[in-house]
Amino acid sequence: MALNVFDHDEYRPPVWKSYLYQLQQEAPHPRRLTCTCEVENRPKYYGREFHGKISREEADQLLSQAEGSYLIRESQRQPGTYTLALRFGNQTRNFRLYHDGKHFVGEKRFESIHDLVTDGLITLYIETRAAEYIAKMTINPIYEHVGYTTLNQEPALKKHLPHSPEAPDGPAPVKDDCIREERLTSLVRRATLRESDLAPKYEKVHNFKVHTFRGPHWCEYCANFMWGLIAQGVKCADCGLNVHKQCSKVVPNDCQPDLRHVKKVYSCDLTTLVKAHNTKRPMVVDMCIQEIEARGLQSEGLYRISGFSELIEDVKLAFDRDGEKADISSNAYEDINIITGALKLYFRELPIPLITYDAYPRFVEAGKITDSEKRLESLHEALKLLPPAHFESLRYLMAHLKRCGHGNWRRCGQTVVY
């Protein structure tokens, strides 16, 4: 059962596990075996470690004296292809070597052969010595004990941020608060956020991207060291969670986007946006619809007549820059068609449409059913496929379009679907 960090007066950070870090320190160092003679047709991106066309047996003999020694040879069977020969575990290992501006033998790409070999020796050493340990890393993760909560950030952060005894009573300066908040890892940030009863409980998967961490880093799921020189793990682009690649496969779908990572409003995933701003629907949808209903319901050609594209782009930039503080009032944009255009543009630029790709065929099938009761039942089943934030936004939009009139329903509805 997960522990509640708020059962304690003060947040206690997890204990990071040092075993894999110690193994990385023990890994053999690379030793470049240079060729003493001049080699013809040496590729310009290789140095003296290139030995030309030598056999596996010759490479094995040259490397037999030192663990971690390496050289590059050209294949005798396939001229023009190159092999990295590396001594590890008292045997010579051969890897097909590639270059496309950077050196690589697998997914990772390196600026130099030395860095590639260094990373390779670390990986080989750790994954050989700690294979069983790594296989069990995801068992009993610290992630479940720390917990994960939704965004009600302000009061909770102030309560749990470290307090300096020299600081005077009363609120800390804004600058100091910002500095201390920056020091929080995404793991601590999640532990210090309180659950809000008013916040929508939308599930969201993490948006993990391969990441190179500068300096030692520990996985925020299993608390183990993230080994290697580059691309040691993955980082969620929305909430900043840092984990091993293998741990990312078992992390719960509970991403709580951080506004420091969510830079845009338009072209941002709908669920990501509403979770980052802790709202039921995107503020673009709410604000545009409220503005349209306040002064546009009697306008002729609503959603049919287009506003000036330059001004629609201005509204988009205002939302991206100012968020919910964007001014879309009549003082800023007198023509209501600019606001309807901005709303339609928002739906068009969603990376995942309001009616999602997997749900869309079900809506089409439902529309073809002639029996009204069966059609309604089929539509109900199709709606269940929508993520909660998409469903809520669609419900709100349909209610708005109904108030606008049947013609407007059809015109804006095409934008929603496509």
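Predicted model only: the values in this text are computed from it and were never measured. (Residues numbered from 1 in each chain as written. Predicted model: local features only at pLDDT ≥ 70, side-chain atom pairs only at ≥ 80, totals over all residues. Heavy atoms only, no water.)

Once that is clear, we can look at the overall build of the chain. The helix and strand inventory of the chain stands at 17 helices and 8 strands. Of all 418 residues assigned to the chain, the portion counted as buried reaches 46%. Of the contacts formed within the chain by residues at least 6 apart in sequence, a portion of 62% connects residues at least 24 apart. (Helix = DSSP H or I, 4+ residues; strand = E, 2+ residues; numbered from the N terminus. Buried < 20%, exposed > 50% of the residue type's maximum accessible area, 1.4 Å probe, protein only. Contact = heavy atoms within 4.5 Å.)

Taken together, 3 strands build an open sheet; the order of strands is β6-β7-β8 and the sheet is antiparallel. In this open sheet, the two strands that pair with only one neighbour each are β6 (208-211) and β8 (242-243). With 4 bridges connecting them, β6 and strand β7 (residues 233-236) associate as antiparallel partners. Of the residues in β7, the one forming a bridge with His 211 is Gly 233. (Pairing = 2+ DSSP bridges.)

It is worth spelling out the nonpolar core at this point. Generally speaking, nonpolar side chains in soluble globular proteins are found buried as a group. Ranked by internal contacts, the top residues of the largest apolar core, which has 46 residues, are Tyr 266, Val 284, Phe 319, Leu 343, Tyr 346 and Phe 347. Looking at which element gives the most residues to this core, the answer is helix α13 (residues 336-348), with 8 residues. Counting 43 residues, the second largest nonpolar core, distinct from the first, contains Cys 35, Tyr 46, Val 117 and Phe 213. (Core = buried A, V, L, I, M, F, W, Y, C linked by side-chain atoms within 4.5 Å.)

Moving on to the confidence of the model for the chain. Per-residue pLDDT for the chain has a mean of 83; in total, 80% of the residues score no lower than 70. Of the regions scoring below 50 in pLDDT, residues 1-9 engages in 12 contacts with residues more than four places distant in sequence or in other chains. Predicted confidence is poor over residues 191-198, with pLDDT under 50, and the contacts of this stretch with residues over four places away or in other chains come to 27 contacts. (pLDDT = per-residue confidence, 0-100.)

For the rest of this paragraph, the subject is the pairing of strand β2 (residues 69-74). Within β2, 6 of the 6 residues are buried, which leaves the element mostly enclosed by the surrounding structure. Of the two faces of β2, both are covered, the one formed by Ser 69, Leu 71 and Arg 73 as well as the one formed by Tyr 70, Ile 72 and Glu 74. Pairing analysis gives 2 bridges linking strand β1 (residues 31-32) to β2, with the strands arranged parallel. The residue of β2 that forms the bridge with Arg 31 is Ser 69. In the sheet, β2 pairs with strand β3 (residues 82-88) via 5 bridges, with the strands oriented antiparallel. Of the residues in β3, the one forming a bridge with Ile 72 is Leu 84.

Looking now at unusual backbone geometry. For Ala 223, which is not glycine, the phi torsion reads 75° and is therefore positive. Checked against the element boundaries, Ala 223 lands in the loop between β6 and β7. Ala 223 gets classed as buried once you look at its relative accessible area, which sits at 0%. At Tyr 303, a residue that is not glycine, the phi angle is positive and equals roughly 70°. Counting through the fold element by element, Tyr 303 comes out in the loop between α11 (283-295) and α12 (309-322). In this structure Tyr 303 comes out as buried when scored by relative accessible area, which is 2%.

Moving on: the packing of aromatic side chains. Scanning the model with the defined rule gives 12 aromatic pairs in all. Taken together, a centroid distance of 5.6 Å and an interplanar angle of 70° make the contact between Tyr 46 and Tyr 82 edge-to-face. Taken as a pair, Tyr 46 in the loop between β1 and α2 (56-63) and Tyr 82 in strand β3 lie far apart in primary sequence, 36 residues in all. By the ring-pair criterion, three or more aromatic residues cluster together here, those being Tyr 45, Tyr 46, Phe 50 and Tyr 82. Its end group placed over the ring of Phe 104, Arg 109 keeps NZ or CZ at 3.8 Å from the ring centre. Sitting over the face of the ring of Tyr 396, Arg 281 holds its NZ or CZ atom 3.8 Å from the ring centroid. (Phe/Tyr/Trp six-rings, centres within 6.5 Å; stacked < 30°, edge-to-face > 60°. Lys NZ or Arg CZ within 6 Å of the ring centre and 35° of its normal.)

So, about the side chain of Lys 344. Here Lys 344 is to be found in helix α13. Despite its burial, Lys 344 pairs with no opposite charge; the closest candidate is Asp 335, at 11 Å N-O. Here Tyr 303 takes part through its backbone oxygen, which lies 3.0 Å from a polar atom of the side chain of Lys 344. (Lys, Arg positive; Asp, Glu negative; His and termini not counted. Salt bridge = Lys/Arg side-chain N within 4 Å of Asp/Glu carboxyl O. Polar contact = N/O pair within 3.5 Å; in protein donor to acceptor, adjacent residues only side chain to side chain.)

By the secondary structure assignment, His 103 is in strand β5 (residues 103-104). Relative accessible area serves as the criterion here: at 4%, His 103 is assigned to the buried category. Leave out the neighbours within four places in its chain, and His 103 touches Tyr 45, Tyr 46, Tyr 98, Lys 108, Arg 109, Phe 110, Glu 111, Ser 112, Ile 113 and Leu 116.

On to α12, then. In an α-helix, one turn spans 3.6 residues; hence positions three or four apart end up facing the same way. End to end, α12 covers 20 Å across 14 residues, agreeing with the expected 20 Å (1.5 Å per residue, within 8%). Along α12, the residues classified as buried are Ile 312, Val 315, Lys 316, Ala 318 and Phe 319. Burial along α12 is one-sided: seen end-on, the buried residues are contained in an arc of 155°. Turned more than 90 degrees away from the buried face of α12 sit Glu 310 and Arg 321, all of them exposed. Elements in contact with the buried residues of α12: α11 and α13. Just downstream of α12, Gly 323 is the residue with a positive phi angle, here 60°. (Expected span 1.5 Å × (residues − 1). Arc of directions from axis to C-beta.)

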